[in-house]
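Fold and contact review
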Amino acid sequence: MNETGLSEEKIRNILNDSKGQDLKYERVLSSMCTYPHRIAVQAHMQFIESNMGDFGLFRGTYNLEKEILSSIGDLLHKADAVGYMTTGGTESNIQAIRSMRNLFLQSEKYQKSLKSGQKYVRPNLVVPESAHFSFDKVSDILDVELRKASLDDELKVSVESVKSLIDENTIGLVAIAGSTEFGQVDPIKALSDIAVEKNIFMHVDAAFGGFVLPFLKKSYEFDFKLPGVTSIAIDPHKMGLSTIPAGILLFRDFHHLESLKADTPYLTVSTQYTLTGTRSGAAVAATYAVINHLGKEGYRKTVSRCMELTSYLLDKLAEINVYPLIEPLMNVVALEIPKCDIVRSRLAKEFNWQVSITQNPHGLRLVIMPHVSFEMIDSFVSDLKKVLDS
Ligand code: PLP
């Protein structure tokens, strides 16, 4: 740190320079984030100092959070679901599994299963092979063995594989409503039935799909309507058009949330259920603003435009003989392209396009977020053709 500060003008110049080095979303087809809606940005700025970690000081922001939870709970068929606003999918997934693990370890079933002298048996969690890498962090942080169930031909988790991995130390299942790599939705109804039958918890990772699936023409069963679903992660900072860091974690019952309780003696409130201490009230205000401004109608329009762009992209790609690995059901497209790692780096180096790669099967991955336009797709497909032809 300098002894004396720099002038505001100097700082602004440095920042402008750094901002100039950031990529613009207009060349980005790899991200699940986008430009936030302007009303979200304005609300974010208005509440910039608000700290939800000490919400006794910020009652107004706290009330906005309560309204968001009930409105998103309602969207997910449980208006009285309980939870809080997280920093995104990773935190929501960690906390959902932490709650499962805590309740499992406290359960009579687990305590009775311990053999004499045994203090601890490592619990396990069954997740689809397509689960986001945040679950690897979950496993490490929470000391939970991760059992990865295989996928079927459509890249949904195989129900048989899930069943085969469950044993008496399984704390629960994870289902993905909109997988990161393929935008695929697992057979969540069948998984919910298994969770009910085996009396284990089930978390749905709808971090991406939560703001897509309810607004598609086709309907999908993925939320609290299914009795086995005990928690859901859904991110306003992705397709919800809110600001970063806005995530939401919802539980069906309060006792799940309560299992995360920590005493907070020096704050204005005596308990916290959250992972982080200090939390952004700005992201809360931004989320309140955008979900209430857009309403279901606004999100339907946004999703419908993204889907229109996705089918336009597929038509254009078919003209150059490039096809998807699976028929996209949302705005995530994985393409069958030989040597896709080389294609990806050439697209970046020669044309400044950012795309990503899927692991298994290996493919070129594009996310058609609200910042994408028809012109952007024309230009991308033309550049892709140049790369493939040379
Ligand atoms: N879950 C899914 C399905 C995701 O696609 C992502 C990120 O893309 C995450 C979780 C992690 O979200 P975040 O990066 O906000 O922590």
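What you see is a predicted model, and the numbers here were worked out from it, not measured in a lab. (Residues numbered from 1 in each chain as written. Predicted model: local features only at pLDDT ≥ 70, side-chain atom pairs only at ≥ 80, totals over all residues. Heavy atoms only, no water.)

Below, the discussion takes up the overall build of the protein. When helices and strands are tallied, the protein shows 12 helices and 13 strands. Taking 21 Å as the expected radius of gyration for a compact globule of 390 residues, we find that the protein reaches 22 Å, a close match to that expectation. For the protein, the C-alpha atoms occupy an extent of roughly 70 × 60 × 45 Å along the three principal directions. Expressed as a percentage of the 390 residues in the protein, the buried residues total 53%. Residue pairs at least 24 apart in sequence account for 71% of intrachain contacts in the protein once pairs closer than 6 positions are excluded. Of the roughly 18,400 Å² of accessible surface on the protein, a fraction of 51% belongs to carbon and sulfur atoms. Measuring between centres, the 42 positive side-chain charges of the protein sit 1 Å from its 48 negative side-chain charges. (Helix = DSSP H or I, 4+ residues; strand = E, 2+ residues; numbered from the N terminus. Rg over C-alpha atoms; globule rule 2.2 N^0.38 Å. Buried < 20%, exposed > 50% of the residue type's maximum accessible area, 1.4 Å probe, protein only. Contact = heavy atoms within 4.5 Å. Areas by Shrake-Rupley, 256 points an atom, 1.4 Å probe, with all protein chains shown as cover. Lys, Arg positive; Asp, Glu negative; His and termini not counted. Charge placed at Lys NZ, Arg CZ, Asp CG, Glu CD.)

The environment of the ligand is formed by 13 residues, the closest being Thr 90, Thr 180, Asp 205, His 237 and Lys 238. With respect to the ligand, the side chain of Thr 90 contributes an N or O atom lying 2.6 Å from an oxygen atom. At 3.0 Å, a side-chain N or O of His 237 approaches an oxygen atom of the ligand. For the ligand, the accessible surface in isolation is 390 Å², of which the surrounding protein chains cover 83%. Here the element with the most residues in the shell around the ligand is helix H4 (residues 89-106); it accounts for three residues. For the shell around the ligand, the class distribution of residues is two nonpolar, eight polar and three charged. (Near = heavy atom within 4 Å. Polar contact = N/O pair within 3.5 Å; in protein donor to acceptor, adjacent residues only side chain to side chain. Nonpolar A, V, L, I, M, F, W, Y, C, P; charged D, E, K, R; others polar.)

Okay, the pattern of salt bridges next. Here the structure, examined in full by the defined rule, presents 17 salt bridges. With a closest N to O distance of 3.2 Å, Asp 193 and Lys 189 form a salt bridge. With Asp 193 and Lys 189 both in helix H8 (residues 188-198) and four residues apart, this pair spans about one turn of that helix. Between Lys 238 and Asp 235 there is a salt bridge whose closest N-O contact spans 2.4 Å. Taking relative accessible area as the criterion, Asp 235 reaches 0% and is therefore assigned buried. (Salt bridge = Lys/Arg side-chain N within 4 Å of Asp/Glu carboxyl O.)

This part takes up the sheet that holds strand E2 (residues 124-128). Read from one edge to the other, the open sheet built from seven strands follows the order E1-E7-E6-E5-E4-E2-E3, with strand pairing classed as mixed. What marks the edges here is a single partner per strand, and that holds for strand E1 (82-86) and strand E3 (145-149). Averaged over all pairs of adjacent strands, the angle between their axes in this sheet comes to 20 degrees, without regard to strand direction. With five bridges connecting them, E2 and E3 associate as parallel partners. Of the residues in E3, the one forming a bridge with Pro 128 is Ala 149. (Pairing = 2+ DSSP bridges. Axes fitted to C-alpha atoms, helices over the stretch in contact; angles between N-to-C directions.)

Let us now look at a nonpolar patch on the surface. Together, Leu 6, Ile 11, Ile 14 and Leu 15 line one region of the surface with nonpolar side chains, adding up to about 340 Å² of accessible area. Tracing the backbone through its elements, the reader meets Leu 6 in the segment before helix H1 (8-21). Given a relative accessible area of 43%, Leu 6 falls into the partly exposed group. (Patch = residues over 30% accessible without salt bridge, like charges linked within 9 Å, V, L, I, M, F, W, Y side chains within 5 Å.)

What follows covers the pairing of strand E4 (residues 170-176). With seven of seven residues buried, E4 is to be regarded as a mostly interior element. Bridging between E2 and E4 involves three bridges; their strand directions are parallel. When the bridges of E4 are listed, Val 126 appears paired with Leu 173. When E4 meets strand E5 (residues 201-205), the two strands line up parallel, connected through five bridges. Paired with Gly 172 across the bridge in E5 is Phe 201.

By domain assignment, the protein separates into domain 1 (25-36 + 296-389) and domain 2 (38-292). Placing the centre of domain 1 and that of domain 2 at their C-alpha centroids yields a distance of 28 Å. Across the contact, 28 residues belong to domain 1 and 33 residues belong to domain 2. Applying the counting criterion to the domain 1 and domain 2 interface returns zero salt bridges. Linking domain 1 to domain 2 there are three residue pairs in polar contact (both at pLDDT 80 or more). Those elements giving two or more residues to the side of domain 1 that touches domain 2 turn out to be helix H10 (281-319), strand E11 (332-336), strand E12 (356-358) and strand E13 (363-367). At seven residues, H10 tops the list of elements feeding residues into the side of domain 1 that touches domain 2. Partitioning the side of domain 1 that touches domain 2 into residue classes produces 19 nonpolar, six polar and three charged. (Domains from an automatic or database assignment.)

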